[in-house]
Amino acid sequence: MAFLELSGIQKRFGDVAAVQDFDLAAERGEFVSFLGPSGCGKTTTLRMIAGFERPTAGSIAIDGKDVTHQAPNQRNVGMVFQSYALFPNMNVASNIGFGLKIRKRPKADVDRRVAELLELIHLEGRGDRFPWQLSGGQQQRVALARALAIEPTVLLLDEPLSALDAKIRVALRHEIRQIQRQLGITTVYVTHDQEEALELSDRIVVMSEGRIEQIGTPFEIYNFPATSFVASFVGTLNAMDATIVDASAGRLSLAGHEIRTTSKLAGSAGSAVTIALRPEMIALTSPDGSNVVAVSPMKGMSGSNRLPGTVADIAFLGSVVRVRTTVGPDAIPVFVDTFNNPNLAVPAAGSPIVLGFPPEACLVLGRDVVPDRTDALAAAEAML
Amino acid sequence: MTGSGTNRLGQGIEAMQGESLDPPVQRERKSPLRFAWWAIFILGITYFFLPLIGTFAFSLRAVPPSSAYTAILEDPKFFASLGYSFVVGFITIIISISLLVPTAFWVRLRLPRARPYVEFVTLLPFVIPPIVLVFGLISTFSRPPLPFTHTDIGSTALLVFGYVVLSFPYMYRAIDTGLRAMDIQSLTEAAQSLGSGWLRILIQVILPNLRVALLSGAFLTLAIVVGEFTIATFLARKVFSVYLSQLGDIAPYQQSAVALVSFGLTWIAMGFIALLGRGSRSRVTITGAR
Ligand SMILES: Nc1ncnc2c1ncn2[C@@H]1O[C@H](COP(=O)(O)OP(=O)(O)O)[C@@H](O)[C@H]1O
Ligand SMILES: [Mg+2]
C-alpha cells in the first residue's frame, strides 16, 4: 500500500472540471512533482491533499488512513506557498514554532526544535528577525522550516521558487532536495518549470487540462513521452506530420522523404501520424560531409535517416547552439541542438544541410491522445 | 538606498540643465503654483483653528478670566459625563471590532461575492438618520420581552448598540482595507496546515496584522461617540455632549472652556490608542507593501 494515495479524484468548480480521473500512489519518502501549464489543476490537486478543497469525487489516503473528509488543521500536512505566507507579526523563531505551540509542546522542546531547523536552513541565530528583514530566498527557507517543524506526514510545495531570482531559485532547489532526502519526507512539489521537475523528482506527474498525461521518472518522461503533449511540454521537441508507408517495417514518409522508425506503427499505409524528434538527437552535416556541425548521441545505432534541409538561423544559448533548419517543400521547421565549442564551424543561414537521426530517435506519438500538432510546435518555438 | 541616490543625482543634473538653459521660465512656472499651495494651506489652517481661537477667546470673558477653567475642575458632572462617554466609546470599539473583524475576514475569504452587499449594509448609518435609529431602538427594546430601557444598564447597552451601528462604516472600511493589504488566504491556510483553528487564526494571525487599520477605525469611532448627541438624548444618557449642551444654557463661558478641554482630552485618548498600537506599525506597513 502506497503512503499517499489519491484514487479517482475529481474536482469541479461549477461547470469547470478542474481535476479529473486523478490517480496517484506515492511511496513513503518519494519526491513527486506535478508538472503542467498554468491552469491545468496542479494547485487544486495539491489543495485537496492539504484539505483546503473537498474533492467532488474520489478519496485521499495518507499512510493507510482515509483523510478525504478531514479538516486541514487535523491532517498534519506541511504546506509551502509561492508567496511564503510567513506571519508578518511574528519573528522567524515564532513562525517556525507556531505549529509546535499549537501542539502544546513544552517551551524548551519548541526552542530546541526551532534551533535545529534554523541550522537546517542555514539561518542560525536569525530567529529574532522579522520576515520583512529577510530576502525572498530566506523567507521561503523559513516557510519550509515552519512546515517541517510539525514533522508532517506529507510535505506539499506549490511553486515555492516562482517568486525568486533565477540564481537563488537554482540554489534553493538543491537545498530543498537535499533536506527532503535527509529527512526522507514524502513530498509533492507543484511546478510549471520542467527543469525543476526533471531535476528534483523521483517521479513526475505531467498534467494537462485537469488530467494526468503521464506518470513516470524524469528519465521516462523525457525519453519516452506517452503523449504528444508530454513530448512537447517537457524539453524542446520537433513535432512533424508524417504518413505511414509500411507499418510493419516502420517506414514513413516525411516531407517527401522516406524515413524509418523503431516505434510501433498502428494504421494502414497512407494514414497520418505525428513523429517527434528531440533537437539534441539530430546530427547536422554539410551535404558533402566536410563539416560536421552536430553529432547525434545515438549515432552508431542501426543506420540513420537522412533529410536534406536548409539552415534558417542560429541561436547561441550558452552551452548549447540551436540551429533552426527547414526541410521539404513546405519548409517544415526542425530545431537541432549541439554543444557549443570554439571550433564549431557554424553554417551560414541559407546554406544547404543534411539532418541525420537514427530510427530509435524517431518517436511516434499517439494521435488519439492529444492530436494538436500546432501546440507542440508553438511550445517548441516559444522555447527558442 | 542606491535607488534614491541615483534619483537625486538625476534630479540634480536636470535642475542644473534647467537653470542654465531657461531659468526665468522655470521660476515663473513654479511660483504661482507655490502661492496657490500656500493659500490653500493657510485657508485650511484658518478654517480649523479660527473656531478654536474664537472659543478660547470667548471662554476668557468670564470674570476672572480663568474662572471658566477652574469651574471645570470643580464640576463633578464634567468628569462623570466625559468618563462615561469614553467608557461607552471603548466598549463600542471593542464590540465593533469583534463583530466586524470576523465578518470582513469571512467575506474576503469565503464570500467575496457578498462583499458589495455587506458593504452596503455597513453604509446604512449614513442613510438612516440617528433619530430614526434611536426611535427604532426604543420602540423595539422598551417593552417585554426585551425591556432594555427600563434599567440604567439596559439603556447604556442600547446606547452602545446604537453607537456600534454608527461605527460600522468607518470600522468596516478600515478593516477591509487592512485585510486587502495582506494575503489572508495564504496566511489562513498556512496557519490551518500547521494545526490552527479559526479562533487562533483570527486572534494570533489576522488581528495583530490589522493593528494600524483597527487604530484608524477606533479613532473615528471614539470621535463620533464623544460628539454624538441625538441617540444619547433620547435614551436619557448623561453623556458628555448632553452635559455640554446643557451647560450652554447656564454657564456659556464654562461651556466653551469645557469644549476646548474635551477637545484636548479626546486627542490625548487617541494618542493613548496610538501608543497601544505602536511598534507594530512599521512592520505591518512594510510587509503589507510587498
Ligand atoms: N476556487 C476556484 N473557483 C473556480 N475555479 C477555480 C478555483 N480554483 C481553481 N479554479 C479553476 O480550476 C482550474 C485549475 O486551476 P489550478 O489548480 O489553480 O491550476 P494550476 O495550479 O495548474 O495553475 C483553472 O481553470 C481555474 O480557473
Ligand atoms: Mg497553481
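Note that the structure is a prediction, hence the values are computed from the model and not measured.

Parameters and conventions
Residues numbered from 1 in each chain as written. Chains lettered and ligands numbered in written order. Predicted model: local features only at pLDDT ≥ 70, side-chain atom pairs only at ≥ 80, totals over all residues. Heavy atoms only, no water. Helix = DSSP H or I, 4+ residues; strand = E, 2+ residues; numbered from the N terminus. Buried < 20%, exposed > 50% of the residue type's maximum accessible area, 1.4 Å probe, protein only. Contact = heavy atoms within 4.5 Å. Lys, Arg positive; Asp, Glu negative; His and termini not counted. Charge placed at Lys NZ, Arg CZ, Asp CG, Glu CD. Areas by Shrake-Rupley, 256 points an atom, 1.4 Å probe, with all protein chains shown as cover. Buried area = accessible area lost by both parts, 1.4 Å probe. Salt bridge = Lys/Arg side-chain N within 4 Å of Asp/Glu carboxyl O. Polar contact = N/O pair within 3.5 Å; in protein donor to acceptor, adjacent residues only side chain to side chain. Nonpolar A, V, L, I, M, F, W, Y, C, P; charged D, E, K, R; others polar. pLDDT = per-residue confidence, 0-100. Axes fitted to C-alpha atoms, helices over the stretch in contact; angles between N-to-C directions. Parallel < 35°, antiparallel > 145°, perpendicular 65-115°, else oblique. Left-handed = near helix turned anticlockwise from the far one by under 90°. Expected span 1.5 Å × (residues − 1). Bend = angle between axes of the 7 residues up to and from the residue. Arc of directions from axis to C-beta.

Student: Would you take a moment to explain the overall build of chain A for this structure?
Tutor: From N to C terminus, chain A includes 9 helices and 21 strands. Overall, chain A is about 80 × 50 × 35 Å in size when its C-alpha atoms are taken along their principal axes. In chain A, which comprises 384 residues, the proportion classed as buried is 53%. For chain A, the proportion of contacts with a sequence separation of at least 24, taken over those separated by at least 6, is 67%. Positive and negative side-chain charges in chain A, numbering 36 and 41 respectively, have mean positions lying 6 Å apart.

Student: Whenever I open this one, the overall build of chain B confuses me. Can you help?
Tutor: Of the regular secondary structure elements, chain B holds 14 helices and 0 strands. In chain B, the order of α-helices and β-strands from amino to carboxyl end is α-α-α-α-α-α-α-α-α-α-α-α-α-α. Relative to its 290 residues, chain B shows a buried fraction of 36%. Of all intrachain contacts in chain B linking residues separated by at least 6 positions in sequence, the fraction that spans at least 24 positions is 76%. Accessible surface for chain B amounts to roughly 17,000 Å². Of this, 71% is attributable to carbon and sulfur atoms.

Student: In this structure, what is going on with the interface of chain B and chain A? I would like to understand it.
Tutor: Interface size, as often reported, equals the accessible area lost upon joining of the parts. Facing the 22 residues of chain B at the interface are 26 residues of chain A. Summing both sides of the interface, chain B and chain A together bury roughly 2,200 Å²; the carbon and sulfur share of this comes to 60%. Counting across the interface, chain B meets chain A through 1 salt bridge. Glu189(B) is the partner of Arg47(A) in a salt bridge, and the nearest nitrogen-oxygen pair spans 2.6 Å. Between the two partners, chain B and chain A, sit 7 residue pairs in polar contact (both at pLDDT 80 or more). Those elements that provide at least two residues to the side of chain B that touches chain A are α8 (184-193), α9 (198-209) and α14 (280-289) of chain B. Across the side of chain B that touches chain A, the residue classes break down as 7 nonpolar, 10 polar and 5 charged.

Student: Sorry if this is basic, but what is going on with the confidence of the model for chain A here?
Tutor: Interpreting fine coordinate detail is not advised for predicted regions of low pLDDT. Residues at a pLDDT of 70 or more form 93% of chain A, whose mean pLDDT is 88. Here residues 367-384 of chain A scores under 50 on pLDDT; set against residues more than four positions off or in separate chains, the count is 32 contacts.

Student: What's the story with the packing of helix α4 (residues 76-110) of chain B against helix α10 (residues 211-227) of chain B in this structure? I'm lost.
Tutor: Pairs of packed helices are described in terms of their axes, by the angle between the two and the distance that separates them. Residues and elements named next belong to chain B. In contact at an axis separation of 9 Å, α4 and α10 are set at 140° when each is read in the N-to-C sense. In terms of orientation, α4 lies oblique with respect to α10. By crossing handedness, the relation of α4 to α10 is classed as right-handed. For the pair α4 and α10, the contacting residues are Ser 85, Phe 86, Val 88, Gly 89, Thr 92, Ile 93, Ile 97 and Val 101 in the first and Leu 214, Ala 218, Thr 221, Leu 222, Val 225 and Val 226 in the second. Each residue belonging to the contact of α4 with α10 can be placed in one class, and the counts come to 10 nonpolar, 4 polar and no charged.

Student: How do you make sense of helix α5 (residues 115-127) of chain B when you look at a structure like this?
Tutor: Since the α-helix turns once every 3.6 residues, residues separated by three or four places project in the same direction. All names here are of chain B. Here α5 spans 19 Å end to end across 13 residues, near enough to the 18 Å set by a 1.5 Å rise per residue. Largest kink in α5: about 30°, centred on Val 121, with the proline Pro 125 one to four residues after it. If you check which residues of α5 are buried, you get Val 118, Thr 122 and Pro 125. Against the buried residues of α5 lie α4 and α7 (152-180).

Student: Mind showing me how you'd approach the pattern of salt bridges here?
Tutor: Pairs can form between side chains of opposite charge whenever their charged atoms are close. All chains considered together, the criterion is met by 23 salt bridges over all chains. The closest approach of N and O atoms between Arg47(A) and Glu53(A), which form a salt bridge, is 3.3 Å. Per residue, the accessibility class of Arg47(A) equals that of Glu53(A), and both read buried. A single salt-bridge network, built from bridges that share partners, covers Arg108(B), Arg115(B), Glu119(B), Arg173(B) and Asp176(B).

Student: What is the right way to look at α9(B) in this model?
Tutor: Residue and element names in this part refer to chain B. If you check α9, its first and last C-alpha atoms are 16 Å apart, about what 12 residues at 1.5 Å a residue would give, namely 16 Å. Turning to α9, its buried residues are Ile 201, Leu 202, Val 205, Ile 206 and Asn 209. The buried residues of α9 all sit within an arc of 130° when viewed along its axis, so they share a single face.

Student: Can you help me understand the environment of Ile185(A) in this one?
Tutor: For Ile185(A), the position within the fold is in the loop between α5 (166-183) and β8 (186-191). Between the alpha carbons of Ile185(A) and Ala93(A) there is a distance of 22 Å; along the sequence they are 92 residues apart.

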